[in-house]
Amino acid sequence: MNEAGPARLEIRMHLPLAHFGLDVDVASSARTLGIFGPSGAGKTSLVEALAGWRTPSSGRIRVGEALLYDSTTGVSLPIERRGVGYVPQDALLWPHWNVERNVRAGTSRSSADDELVARTARVLEIAHLFDRACTRLSGGERQRVALARALVSRPRILLLDEPLGALDVPLRRRILPYLIRVRDEFGLPTVFVSHDATEIQALCDEVVVLDAGHVRMQGAPDRVLRSMRAGERAFENVLAGVVTAHGDGTSRVQLDAGGDVWIPTVGSEVGERVLFALGSDEILVALDPPTRISARNVLAARIDAVEHDEDGSARIDVRILDAAEGDGARVSASLTRGSVEELALRPGGRVVLVFKANSCRVLTADGARAP
Amino acid sequence: MNASLSSDAGTAAVLWTTLRVAVTAAVIVAPIGTAIGWLLARRSFLGKSAVETFVALPLVLPPTAIGYLLLTLLARDGWLGERTLGFDLDLLFTWKGAVLASVVVSLPLVARTARAAFEDVDPRLESMARTIGMSRPRTFIAVTLPLARRGLLAAATLGFGRALGEFGATVIVAGNIPGRTQTLSLAIFSEIQLGDTSAALRLVAITILVAFVLMWWTERLLRRDPRARTAT
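Because the structure is a prediction, the values reported are computed rather than measured.

1. Observations regarding the overall build of chain A
Here comes step 1: Secondary structure summary: chain A contains eight helices and 21 strands in total.
Here comes step 2: Taking 2.2 N^0.38 as the reference for a compact globule, 371 residues should give roughly 21 Å; the C-alpha atoms of chain A span a radius of gyration of 22 Å, in line with that estimate.
Here comes step 3: With the principal axes as the frame, chain A shows a C-alpha extent of 65 × 45 × 35 Å.
Here comes step 4: When burial is assessed residue by residue, chain A has 45% of its 371 residues classed as buried.
Here comes step 5: Considering only intrachain contacts with a sequence separation of at least 6, the fraction spanning at least 24 residues in chain A is 70%.

What follows is the structure, encoded as structure tokens:
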């Protein structure tokens, strides 16, 4: 397995589709590159071109040192030699085989492969499913088996095409930790396709926004998604940290980027890492600390930026200040233009953020202890 | 002939010839029809629609026309005759000639059913097999064939059934020689010609029984099994 670090990914191609042409020019060294965009933007076609399932009319695709496709030199590696691990939205397990046969399909009988299968089954918690028919798996189990199958084929890059897309929201949240665990455990360069901004933020180091076959933006997920407000929905701040204490149904989390936040307790023990989402519209902004208030989180912050939208709404980007008044995690809060003007909010100004612990939605409470 | 067919031995000889011809024809036509079905289902090539039409032709041509065409080809001066090849294929008026006629007549049925069986397999399941490193041949053997197996078995069964009832082409290429080339359908025709209705009815009853079992089996195979071909 390639654990030498992220490979540089180059995708430059034109692929004619039914209603538009997919024109992509992307270079990235991200460990996990997110492809974000609405349905029909060309995300799956892009991934299928990487996997060799579709052939672009022109361009060049390179993963690390491996040239997968180059129209100028006539290189087009056949699918079986591309070395990609692909997990599509519908898993595509072979229905005539049981789980173990599906997972082992791309392996040899060597002890190294046996070890890899065992390790993967352990990480994804699927060993107990090995004898089961694929037709008798739940949606989440299918995706974990498909992920295992891709991992044990020793790919040079992992392609995850909306692997959570077919699942309902609670199940999505239960599978997300497995994806994070795979990212951290296997260290494979990964392309993660999703139209869920929260998932992109939770998993990716960099995101490419695709719309009608064209790259609209590329950059750090929080910056890119914050600026585009993640489509029609309110932006969700995704924050990571370590549980430091438990209260009455809540847990205090020391954020990686600085600051302390109370979140609902979801089985996480002190010392464990958690990842949680906080909607930008769940945050109240005040100039002075409120007193005698039920909300558990009352945090001092400094305004970094104020953005106004054409529809009369506004967004402020703030830095939570830690106990020593140092810069902490960056979050965004949505409010109206009127509120911004009434409170005279300006970059550099001090505010107080107020939100309930229950406004924080825990995405993962991974068993992995913080270092 | 009438006397012999009234006896068990005569009926057994007809059944033996029928089974020998139909089984041999099915064994030959199944791989050919499967290969053509796969080509038509999975490959794009120049002249594909011409091949489709040519393969389907025996479905609409009168079997006697096909028989006459084969007779012309296999005749001494024909393209596949002794003078052209330099040796005699020894097919005319033999049970092997009946096999050839059955193969040609049943090929469209087998190829079309096989094509449908392959088209029913999600091609993305094959792409996924190659993505994890399987070669094309291995993908075909490990994924495509098992997933299409019910449809392919049904295709072979239909080929067998068609060969079982073949008459028009067979009577021209192989004749109607008792004990050598006389199959069930030819024997029924002979009995009717001779006015032996009880012998004809007995043979018809046997034919109906065999046909019923075959069609029941084929329907079972073709009944869609959601687990068999679609991705999970």
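2. Examining the interface of chain A and chain B
Here comes step 1: Each partner contributes residues to the interface: chain A has 20 residues there, and chain B has 18 residues.
Here comes step 2: For the side of chain A that touches chain B, the secondary structure elements donating two or more residues are β7 (84-87) and α4 (139-152) of chain A.
Here comes step 3: Considering only residue class, the side of chain A that touches chain B consists of twelve nonpolar, four polar and four charged.

3. A closer look at the environment of P95(A)
Here comes step 1: With respect to the helices and strands, the residue P95(A) is situated in the loop between β7 and α2 (99-104).
Here comes step 2: Remark: the alpha-carbon pair of P95(A) and T135(A), spanning 40 residues in sequence, is separated by 6.3 Å.

4. Describing the sheet that holds strand β20 (residues 350-355) of chain A
Where strands meet in a sheet, backbone hydrogen bonds hold them as pairs that are either parallel or antiparallel.
All names here are of chain A.
Here comes step 1: The five strands lie next to each other as β16-β20-β17-β18-β19, forming an open sheet whose pairing is antiparallel. Since the sheet does not close on itself, it has two edges, and those belong to β16 (284-286) and β19 (327-336), each with one partner. Sheet twist, expressed as the average angle between the axes of neighbouring strands with direction ignored, equals 40°.
Here comes step 2: Relative to β20, strand β17 (residues 297-308) runs antiparallel, the two being bridged by six bridges. Across the sheet, V298 pairs through a bridge with V354, a residue of β20.

5. Some thoughts on helix α8 (residues 136-165) of chain B
Here comes step 1: Spanning 30 residues, α8(B) covers only 38 Å between terminal C-alpha atoms, well under the ideal 44 Å at 1.5 Å per step.
Here comes step 2: At R149(B), α8(B) is deflected by roughly 65°, the largest bend along its length.

6. Examining the nonpolar core
Here comes step 1: L50(A), L159(A), V191(A) and V110(B) are the most contacted members of the largest nonpolar core, which has 165 residues in total.
Here comes step 2: No other element matches helix α6 (residues 95-119) of chain B, which puts 15 residues into this core.

7. Regarding the pairing of strand β9 (residues 190-194) of chain A
All names here are of chain A.
Here comes step 1: Counting buried positions over the five residues of β9 gives five, a clear majority of the element.
Here comes step 2: The alternating pattern of β9 places T190, F192 and S194 and V191 and V193 on opposite faces, both of which are buried.
Here comes step 3: When strand β3 (residues 32-36) meets β9, the two strands line up parallel, connected through five bridges. Bridged to L33 within β9 is V191.
Here comes step 4: Examined bridge by bridge, strand β8 (residues 157-161) and β9 share four bridges and lie parallel to one another. Bridge pairing in β9 links L160 to F192.
Here comes step 5: With respect to chirality, the unit in which β8 leads through helix α5 (residues 169-186) into the neighbouring parallel β9 is right-handed.

8. Thoughts on helix α7 (residues 123-131) of chain B
Here comes step 1: Most of α7(B) sits inside the fold, with seven of its nine residues counted as buried.
Here comes step 2: A positive phi of about 110° marks G133(B), the residue just after α7(B).

9. Here we look at the environment of S39(A)
Here comes step 1: Its place among the elements puts S39(A) in the loop between β3 and α1 (43-51).
Here comes step 2: Through-space distance from the C-alpha of S39(A) to that of S194(A) is 9.3 Å; in sequence the pair is 155 residues apart.

10. Digging into the environment of F54(B)
Here comes step 1: By the element assignment, F54(B) lies in helix α3 (residues 48-60).
Here comes step 2: Distance in space between the C-alpha atoms of F54(B) and P108(B) is 9.0 Å, their sequence separation being 54 residues.

11. Description of the confidence of the model for chain B
In low-pLDDT regions, the fine details of the predicted coordinates are not to be read closely.
Residues and elements named next belong to chain B.
Here comes step 1: Of all residues in chain B, 93% have pLDDT values of 70 or greater, and the mean over the chain is 89.
Here comes step 2: Least confident of the elements in chain B is helix α12 (residues 226-229), whose mean pLDDT is 49; most confident is α7, at 97.
Here comes step 3: Across the predicted assembly, pTM comes out at 0.80 and ipTM at 0.80.

12. Structural notes on the packing of helix α4 (residues 63-74) of chain B against α6(B)
Residues and elements named next belong to chain B.
Here comes step 1: At a minimum axis distance of 10 Å, the contact between α4 and α6 shows a crossing angle of 130°. Classified by the angle between their axes, α4 and α6 sit oblique to one another. Judged by the sense of rotation from one axis to the other, the crossing of α4 with α6 is right-handed. Touching P63, I66, G67 and L70 of α4 are L100, A101, V104 and V105, all from α6.
Here comes step 2: When its residues are assigned to classes, the contact of α4 with α6 shows seven nonpolar, one polar and no charged.

Definitions and cut-offs
- Sequence order as written defines the numbering, with residues in each chain counted from 1.
- A letter from A marks each chain and a number from 1 marks each ligand, given out in the order of writing.
- Given that the model is predicted, a residue must reach a pLDDT of at least 70 before its local features are reported, and side-chain atom pairs must reach 80 or more before they are shown or counted; all residues, however, enter totals for whole chains, interfaces and linings.
- Comment: elements are numbered from the N terminus, with helices defined as DSSP H or I runs of at least four residues and strands as E runs of at least two.
- Here the radius of gyration uses the C-alpha set of atoms, whereas the globule reference equals 2.2 Å times the residue count to the power 0.38.
- For every residue, the other C-beta atoms within 10 Å of its own C-beta are counted; 20 or more classify it as buried, 12 or fewer as exposed, and values in between as partly exposed. C-beta atoms are placed from the backbone.
- We call two residues in contact when the distance between their C-beta atoms, placed using the backbone, is within 7 Å.
- Ten residues, namely Ala, Val, Leu, Ile, Met, Phe, Trp, Tyr, Cys and Pro, are considered nonpolar, four, namely Asp, Glu, Lys and Arg, are considered charged, and the remaining ones, Gly among them, are considered polar.
- In this description, strands pair whenever DSSP reports at least two bridges between them.
- Lines are fitted to the C-alpha atoms to define the axes, a helix being fitted only along its stretch in contact, and any angle between axes, read from their N-to-C directions, falls within 0 to 180 degrees.
- Helix span is expected to be 1.5 Å times the residue number reduced by one.
- The seven residues ending at a residue and the seven starting there each receive a fitted axis; the angle between those axes is the bend at that residue.
- Think of a nonpolar core as buried Ala, Val, Leu, Ile, Met, Phe, Trp, Tyr and Cys residues, each tied to the set through C-beta atoms within 7 Å.
- The handedness of a crossover follows from its direction of travel: if, with the strands pointing away from the viewer, the path from the first strand over the helix to the second runs clockwise, the crossover is right-handed.
- Per-residue confidence from the prediction method is given by pLDDT, with values spanning 0 to 100.
- Relative orientations are named as follows: roughly parallel for angles under 35 degrees, roughly antiparallel for angles over 145 degrees, roughly perpendicular for angles from 65 to 115 degrees, and oblique for any other angle.
- Take the far helix as the reference: if the near one is turned anticlockwise from it by less than a right angle, the crossing is left-handed, and if turned clockwise, right-handed.

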